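An overview of the molecular structure
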Amino acid sequence: MPEITYREALNQALAEEIERDDNVVLLGEEVAQFKGSYKVSEGLLEKFGSEKIIDTPISEAAFSGLAVGAAMLGMRPVVEFMFWSFCYVAFDQIFNNAANVRYMSGGLINVPIVFRGPANGGTNVGATHSHTPENFAANTPGIKVICPSTPADAKGMLKAAIRDNDPVCVMENTILYNLKGEVPDDKDFLVPLGKANLLKEGSDLSIIAHGKAVHTSLEVAQSLEEKHGVSVEVLDLRSIRPLDTEAILSTVRKTNRVLLVEENKPFCGVGAQISFMIQDQAFDYLDAPIKRVSAIDVPQAYSKPLESIQIPEHNRVLEKALELI
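Residues numbered from 1 in each chain as written. Predicted model: local features only at pLDDT ≥ 70, side-chain atom pairs only at ≥ 80, totals over all residues. Heavy atoms only, no water.

**Description of a nonpolar patch on the surface**
Going by this rule: For patch detection, residues must exceed 30% relative accessible area and be free of salt bridges, and they are connected within 9 Å for like charges or within 5 Å for nonpolar side chains (Val, Leu, Ile, Met, Phe, Trp, Tyr). Shrake-Rupley sampling with a 1.4 Å probe provides the accessible areas, and residues are treated as covered by the protein chains on show and by no other component. In the sections that follow, a salt bridge refers to a side-chain nitrogen of Lys or Arg positioned within 4 Å of a carboxyl oxygen of Asp or Glu. Helix and strand definitions follow DSSP, with helices as H or I runs of at least four residues and strands as E runs of at least two, each counted in order from the N terminus.
A cluster of nonpolar side chains, Tyr88, Phe91 and Phe136, forms an exposed patch at the surface whose accessible area comes to about 250 Å². In this fold, Tyr88 is placed in the loop between strand S4 (76-80) and helix H4 (91-98).

Written out as C-alpha cells, the structure is:
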C-alpha cells in the first residue's frame, strides 16, 4: 500500500467520489482557485472544472443552505468549512434543516450531504477559530459525526460519508494533515461509519480516544508499558455518532479500568456520554472510577504556551492514567 499524508488521503477520496458519481460536488471558501485553505482540494479544479469544484462567497449560511437544498434534490454536496468554528454561522441550515428534513418528510426526502473541515485547537488561531464541536453536532438527531485519526481512515470514512444518505459531519484535525500512513489504493475502499478501531491490545487499562487524542494516547500507552510495566489497550472511536457501543463495553470488560481522552471541552462532552454509558451497562466490570482528560474548560487560548497545556498533552494524560493503576 502506498504511504500518503492525511491531506492527500482526503484529496484522493474527493477525487474518486467526484469521478464515480456525477452528483458529487465540492463547495466552500477558496476550495477551487486557492486549492483550499489547507490544500485538501489541490488539483481538483484543474481535473474536474468549476462546475464540480465551486468557490463560494464568504457566507457559510448561504452556501450551506444552497448545499442542503441541492442535497434534497438529489445532489451529494461536500461542504468545506475553513474552520468548524464557522459552522455556527450556518446553525439553522445544518442542525435545524439538514438534520430534520428526512424525519419531517416521513422518510421521503434524504439529505445526502457532507460538512467537513478542521475542528481542533492547538494551532494558535484564537478562541473563535479553535472549536471541537463533535459533541455539539452529535447532540442533534439526524446528524452523523466522524473523527478520522489516520490517513487510511480519512480516505475510507470520507468516501463512506459521501455515499451515506444522511448528513455527515467530518471533523478533521489540522495538525494531522501532514501525518503519513499507508492507504489502500482502491477506489472502493470504505471504512464503515459507526465502527471503532482497536489500535493496541492490553490487559490493565483501556484508553478510549478519538481524533488527534488517539496519537497522544498511543504515546502514553508506550510510556506506561516501558516505564511502569502497565499493559494498555487503546481504542480509537473513529465515529462519535453512531457510536460503537459494543467495542467500548468489550474493552471495559477486558481491562476493568478506563481513561477517556478527548480534545473536546469537558462539560456535556463526548467523554461524559461514554462515561454514563459505561457505568450504566458495565458498572460491575469496573475496578476503579472512570477518569477523563479533556481540553481545559475555558475559551481556547491564543498564546502557544497556554494552549499547549490547555489541550490534553502527554504528561496530563500520563498522570491521570497513573492515578487509575
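That shown, we press on.
**Concerning helix H10 (residues 270-282)**
Heads up, the rule is: Expected span of a helix, by definition, is 1.5 Å for each gap between consecutive residues, and there is one gap fewer than residues. Summary of the burial criterion: residues with accessible area below 20% of their type's maximum are buried, those above 50% are exposed, and those between are partly exposed, where the area comes from a 1.4 Å probe applied to protein chains only. An arc is given here, and it is the one of the directions from the helix axis to the C-beta atoms. Contact definition: two residues touch when any of their heavy atoms are within 4.5 Å.
With 13 residues, H10 should cover 18 Å at 1.5 Å per step; its first-to-last C-alpha distance of 18 Å lies within 8% of that length. Those residues of H10 not exposed but buried are Val270, Gly271, Ile274, Ser275, Met277, Ile278 and Ala282. Mapping the buried residues of H10 onto a view down its axis gives an arc of 165°, with all of them on the same face. Against the buried residues of H10 lie helix H6 (134-138), strand S10 (205-209), strand S12 (239-241), helix H9 (245-255), strand S13 (258-261) and strand S14 (291-293).

**Digging into the sheet that holds S13**
The following threshold applies: By this definition, two strands are paired if DSSP reports at least two bridges between them. Here, axes are lines fitted to C-alpha atoms. For helices the fit covers the stretch in contact, and angles between N-to-C directions go from 0 to 180 degrees.
Within the open sheet, the five strands sit side by side as S9-S11-S10-S13-S14. Their pairing is mixed. At either margin of the open sheet sits one strand with a lone partner, and together these are strand S9 (197-200) and S14. Geometrically, the sheet is characterised by an average inter-axis angle of 25° between neighbouring strands, direction not taken into account. With three bridges connecting them, S9 and strand S11 (residues 232-236) associate as antiparallel partners. Bridging from a neighbouring strand, Lys200 pairs with Val234 of S11. Contacts between helix H12 (residues 314-324) and the sheet are confined to S10, S13 and S14, with S14 contributing the most and set at about 175° to the helix.

**Some thoughts on the environment of Ile113**
Secondary-structure assignment places Ile113 in the loop between helix H5 (101-104) and strand S5 (114-118). Residue Ile113 is classed as buried on the basis of its relative accessible area of 0%. The spatial distance from the C-alpha of Ile113 to the C-alpha of Ala288 is 42 Å, given a sequence separation of 175 residues. In this structure, Ile113 is in contact with Ala67, Val68, Ala71, Pro77, Val79, Asp166, Pro167 and Val168, ignoring residues within four places of it in sequence.

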